Amino acid sequence: MTSLHQTYLAAGQKSAEVTDWSARIGWLVGLALFIALVYWLMREGWKWRGTLQSDLPELPARPSPTTTLNGGGKPPPAGMPDEPGRVKLTMSGRYHGSTTAGQWLDRIVAHGLGTRSRVELTLTDAGLDVVRPGAADFFVPAAQLREARLDKGIAGKVLTEGGLLVVTWAHGDKLIDSGFRSDVSAEHNEWVDTLNNMINNTEGAR
């Protein structure tokens, strides 16, 4: 084989390598554009869902001196006590989202209800206090609680059977399911029993 022929082959191999890199870069750019498009479509869908749910009332604030007019804030809803009362249960865990009651894929995003986050739950005589670092807190008055149960999925999140505490509550003219998971899953049964007993007692007192 002549030196000229060898030089030609070497040049051909280098040329092939450049062609391979160009194809790989093009594929990566295409993939990045596809991911960006999917993200944009999801974001627009989220915004559109929020627009459709714009009629959902503002979430109730927890009863405390700062939520009264004298404290410079908004008054609590009619019938809600100014103080939360004694603490029944507390829980640290995760908030996995809210949906229309009975429709685990019909996610509610209005007022920050669609944002997954860490959560600190406190159940008192006044209701359920939901504190979410980095997301909007909300409060469910005792009179608005409807049911508690164990489930395995909500808002596109699927866990093991019984791995999710789902609380059903009324807000405006809508029934909402909110899903929570404790850091200690053994706590779920106690929460279901305590919430349902509280709901039954509240309904019996009406």
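Conventions adopted
- Residues numbered from 1 in each chain as written.
- Predicted model: local features only at pLDDT ≥ 70, side-chain atom pairs only at ≥ 80, totals over all residues.
- Heavy atoms only, no water.
- Helix = DSSP H or I, 4+ residues; strand = E, 2+ residues; numbered from the N terminus.
- Buried < 20%, exposed > 50% of the residue type's maximum accessible area, 1.4 Å probe, protein only.
- Contact = heavy atoms within 4.5 Å.
- Areas by Shrake-Rupley, 256 points an atom, 1.4 Å probe, with all protein chains shown as cover.
- Salt bridge = Lys/Arg side-chain N within 4 Å of Asp/Glu carboxyl O.
- Pairing = 2+ DSSP bridges.
- Phe/Tyr/Trp six-rings, centres within 6.5 Å; stacked < 30°, edge-to-face > 60°.
- Lys NZ or Arg CZ within 6 Å of the ring centre and 35° of its normal.

### A look at the overall build of the chain
Looking only at helices and strands, the chain has two helices and 10 strands in total. Along the chain direction, N to C, the helices and strands of the chain fall in the order α-β-β-β-β-β-β-β-β-β-β-α. Here the chain, with 206 residues, has 33% of them falling under the buried criterion. Looking at the chain alone, contacts between residues at least 24 apart form 58% of all its contacts between residues at least 6 apart. Accessible surface for the chain amounts to roughly 12,300 Å². Of this, 58% is attributable to carbon and sulfur atoms.

### Quick word on the pattern of salt bridges
By the definition in use, this model includes six salt bridges. Between Arg86 and Asp125 there is a salt bridge, with the nearest N and O atoms lying 3.8 Å from each other. With Arg86 in the loop between helix H1 (3–52) and strand E1 (87–100) and Asp125 in the loop between strand E3 (117–124) and strand E4 (127–131), this pair connects stretches of sequence that are 39 residues apart. The partner of Arg149 in a salt bridge is Asp177, with the nearest N and O atoms 3.2 Å apart. In this pair, Arg149 is assigned in strand E6 (residues 145–151) and Asp177 in strand E10 (residues 174–182), connecting sequence segments 28 residues apart.

### Some thoughts on the pairing of strand E5 (residues 138–141)
Side chains of E5 alternate between two faces, with Phe138 and Val140 and Phe139 and Pro141 buried alike. Sheet analysis places E4 next to E5, joined by four bridges and oriented antiparallel. Bridged to Asp129 within E5 is Phe139. Hairpin connection of E4 to E5: six residues between the antiparallel strands, including Gly134 at a positive phi of 85°.

### Digging into the packing of aromatic side chains
A complete count under the given rule lists three aromatic pairs for this structure. Each ring, one from Tyr95 and one from Phe180, has its centre 5.6 Å from the other, and the planes form 55°; the classification is tilted. Taken together, the residues Tyr95 in strand E1 and Phe180 in strand E10 connect sequence positions 85 residues apart. For Phe180, a relative accessible area of 1% gives the class buried. Judged by centre distance (5.6 Å) and plane angle (20°), the ring pair of Phe138 and Trp169 falls under stacked. Note that Phe138 is positioned in strand E5 and Trp169 in strand E9 (residues 164–171), a separation of 31 residues in sequence. Each member of the pair, Phe138 as well as Trp169, is classed as buried. For Arg132, the ring lying beneath its charged end belongs to Tyr95, and the centroid distance is 4.5 Å.

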